[in-house]
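Structure assessment
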Amino acid sequence: MRQSHQLPLVGLLLFFLIPSQLCTICEVSKENHSRLNPLLNTMIHSKYARGIQAANLLLALKLVGIQDQNLEQQVFQEVSDSVEKKRSDLTSGELALVILALRACQNSDESVTYFHLVSQLEEKFQEEIENMGVHDGNPLTNYYQLSLDVLTLCLFNGSYSITEVKKYFTPENKNFYFGGQFSVDTGAMAVLALTCVKRSIQNNGEDLQDINHYIESLVKKILSEKKGNGLIGNTYSTGEAMQALFVSSNYYNKNEWNCQQTLDTVLKEISQGAFHMPIAAAQILPALMGKTYLDVNNVSSCASGPGHLNISIHEPIPVEPTISSTWISVNYTVQINETFFTKVTVPKGSVFLNVMEEAQKINQTAFCFKYVESSWGPYIISVQGLEENHKDRTYWQLLSGGEPVTQGVGRYVVHNGENLEVRWSKY
Ligand code: CBY
């Protein structure tokens, strides 16, 4: 056969071979890179990034090609400390994230250093599975973390059983839902994990078919959470949803997702300060640069060296607290079986937490509460002494006008006349 006749055949062969590995990616154009500066500034100047938050930051910075020795040192210190203090200090997903961050974009010969962490993750993943066996299918943590576990074990040659993955990751599993609502963050992380698992399956048998089916169904659910402005789920799940859609583009039609529209809306939200928290910035950044967590063990697709992202980093201009002389009034309800109500007056610019503190001053018995600091800021663990309980899947849900809010108590800015509620709920 003459060479010119072979070309179409080669083309055809490539067409069939490549799509299973191909991703459709849209990313912020070079001219728009400066619009990412607020994210980078938030991340680089977050002096108090501790533990898991630091791991999230490190992972994102490595993926987009910004090396930060200080941060790397800090994450390493955090991990060694907690591993030393008490091995079980870290949850499975936290450990997975730490491994992802430390091993991201390393050459395989450097990777031996963190080998022991992968075996610890294998153990922690097994504990999650065992817990589901005895506690009505509830893991110790949640499916976002279980997905992080599978993703990490799969990327870094840890052992896990495909039979178990098939058993627990059926898209109808209750753990993909919180109070009946599909969790886009969770579904997206599961698509990333299952895509890695799919790529590792050698034969074209039943396992591959089942995993393909799971991915397809989860991708459908993610796309059905697409909003009119292009966000998927909400502002804070969009980055992970984008990553999931990048790696699964052969499961949906081109016209089902306008990636550019999603990008434009996210850029607008960045300029409005929506990603002011370091962890929020870290979770959106990789997708905006066309990266996914599946790129971490692929040194060539990890952005190489600085200069890839041309950044101008400034010390952020300190935002003066808006000490407002204007006062606003909001309605505050604690809902258990009974309803406890009060009207609260707070300065304009106050957040949900300030309202809860004021209410507590008015009536300690009805409105006392406790919170812990999480990487997303303060997280309410109890109200009226009634504590959330992961075994029963109970927690304190935050609502405004009857709708769940998409930010925590420390961030959600309240408005005059708003109806705020803290509701004893199940997820
Ligand atoms: N990370 C985790 O394990 C968290 C996973 C996550 C899916 C996470 C969102 C997604 C992410 N990107 O990190 C998650 N939330 C979970 C699993 C949970 C449950 C925690 C219990 C468990 N089983 O682990 C639970 C109880 C259902 C939950 N989140 C509650 C809440 C509310 C907190 C209220 C309180 N008591 O203080 C709240 C405020 C929702 C509400 N209206 O009540 C909430 N979560 C929000 C808003 C969020 C988003 C935070 C956004 C922001 N700007 O603050 C979130 C990103 C996140 C953190 N939750 Co949850 C989801 C979103 O809106 N896109 C892994 C680990 C290694 O770090």
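Criteria and thresholds
- Residues numbered from 1 in each chain as written.
- Predicted model: local features only at pLDDT ≥ 70, side-chain atom pairs only at ≥ 80, totals over all residues.
- Heavy atoms only, no water.
- Helix = DSSP H or I, 4+ residues; strand = E, 2+ residues; numbered from the N terminus.
- Contact = heavy atoms within 4.5 Å.
- Pairing = 2+ DSSP bridges.
- Axes fitted to C-alpha atoms, helices over the stretch in contact; angles between N-to-C directions.
- Near = heavy atom within 4 Å.
- Polar contact = N/O pair within 3.5 Å; in protein donor to acceptor, adjacent residues only side chain to side chain.
- Domains from an automatic or database assignment.
- Disulfide = S-S within 2.5 Å.
- Buried < 20%, exposed > 50% of the residue type's maximum accessible area, 1.4 Å probe, protein only.
- Salt bridge = Lys/Arg side-chain N within 4 Å of Asp/Glu carboxyl O.
- Expected span 1.5 Å × (residues − 1).
- Buried area = accessible area lost by both parts, 1.4 Å probe.
- Nonpolar A, V, L, I, M, F, W, Y, C, P; charged D, E, K, R; others polar.

**Digging into unusual backbone geometry**
A positive phi is found at Asp136, a non-glycine position, where the angle reads about 55°. Mapped onto the elements, Asp136 comes out in the loop between helix H6 (115–134) and helix H7 (143–155). Residues other than glycine seldom take positive phi values, yet Arg393 does so here, at roughly 55°. Inspection of the secondary structure assignment puts Arg393 in the loop between strand S7 (386–387) and strand S8 (394–400).

**Looking at the environment of Val191**
You can see Val191 is positioned in helix H9 (residues 184–200). Counting along the chain gives 53 residues from Val191 to Ala244, while the straight-line C-alpha distance between them is 5.7 Å. Not counting chain neighbours up to four residues away, the residues in contact with Val191 comprise Ile215, Leu218, Val219, Ile222, Ala244, Val247 and Ser248.

**Notes on the sheet that holds S8**
If you walk across this open sheet you meet the five strands as S4-S3-S10-S8-S9, and the pairing is mixed. Two strands bound the open sheet, and with one partner strand each, they are strand S4 (339–347) and strand S9 (403–404). Relative to strand S10 (residues 419–426), strand S3 (residues 327–335) runs parallel, the two being bridged by five bridges. Opposite Tyr332, over in S10, you have Leu420 as the bridge partner. Sitting on the sheet, helix H14 (residues 352–362) is in contact with S3, S4, S8 and S10, with an inclination near 115° to S4.

**Concerning the site of the ligand**
The local shell around the ligand holds 29 residues, among which Asn142, Gln145, Asn234, Gln283 and Leu398 are the closest. Between Asn142 and the ligand, the recorded distance is 2.7 Å, taken from a side-chain N or O atom to an oxygen atom. The contact in question runs from a nitrogen atom of the ligand to an N or O atom on the side chain of Tyr144, over 3.4 Å. For the shell around the ligand, the element with the most residues is S8, which contributes four residues. Residues from two domains meet in the shell around the ligand; each of domain 1 (30–298) and domain 2 (327–426) gives at least three.

**Section: the state of the cysteines**
Inspection of the entire model under this criterion finds two disulfides. The partner cysteine of Cys26 in its disulfide is Cys259, sulfur to sulfur 1.7 Å. For the disulfide bridge between Cys26 and Cys259, the dihedral angle about the S-S bond is near -65°, and by the sign convention the bridge is left-handed. Separated by 233 residues along the polypeptide, Cys26 in the loop between helix H1 (3–17) and helix H2 (37–44) and Cys259 in helix H12 (residues 259–271) bring together distant segments of the chain. Given a relative accessible area of 15%, Cys26 falls into the buried group. With relative accessibility at 11%, the residue Cys259 sits in the buried group.

**Structural notes on the sheet that holds strand S5 (residues 369–374)**
The strand order S5-S6-S7 describes an open sheet built from three strands, whose pairing is antiparallel. Each of the sheet's edge strands pairs with one partner strand only, and the pair in question is S5 and S7. One ladder, built from two bridges, connects strand S6 (residues 377–383) with S7; its direction is antiparallel. Paired with Val383 across the strands is Leu386, a residue of S7. Sitting on the sheet, H14 touches S5 and S6, and the angle it makes with S5 is about 155°.

**Points about the pattern of salt bridges**
Scanning the model with the defined rule gives six salt bridges in all. For Glu225, the salt bridge identified is with Lys227, shortest N-O distance 3.6 Å. The closest approach of N and O atoms between Lys361 and Glu358, which form a salt bridge, is 2.9 Å. Here Lys361 and its partner Glu358 are both found in helix H14, three residues apart, which amounts to about one turn of the helix. By relative accessible area, Lys361 is classed as exposed at 64%. With relative accessibility at 26%, the residue Glu358 sits in the partly exposed group.

**Examining H9**
An ideal rise of 1.5 Å per residue puts 24 Å on 17 residues; H9 measures up with 24 Å between its terminal C-alpha atoms. With 14 of 17 residues buried, H9 lies mostly within the body of the structure.

**Points about the environment of Glu225**
Inspection of the secondary structure puts Glu225 in the loop between helix H10 (206–223) and helix H11 (238–247). Residue Glu225 is classed as buried on the basis of its relative accessible area, which comes to 15%. C-alpha of Glu225 to C-alpha of Ser183: the two residues are 42 residues apart in sequence and 9.3 Å apart in space. The contacts of Glu225, once residues within four sequence positions are left out, are Gln181, Phe182, Val184, Leu231, Ile232 and Gly233.

**Quick look at the domain arrangement of the protein chain**
According to the domain assignment, the protein chain consists of domain 1 (30–298) and domain 2 (327–426). Using C-alpha coordinates to define each centre, domain 1 is positioned 29 Å away from domain 2. On the domain 2 side, the residues contacting the 15 residues of domain 1 number nine residues. Of the roughly 1200 Å² buried at the junction of domain 1 and domain 2 (both faces included), carbon and sulfur atoms supply 57%. If you look at where domain 1 meets domain 2, you find zero salt bridges. Going through the elements one at a time, helix H3 (51–63) and helix H13 (278–288) are the ones with two or more residues in the side of domain 1 that touches domain 2. With three residues, H13 is the largest single contributor of residues to the side of domain 1 that touches domain 2. For the side of domain 1 that touches domain 2, a count of residues per class yields six nonpolar, eight polar and one charged.

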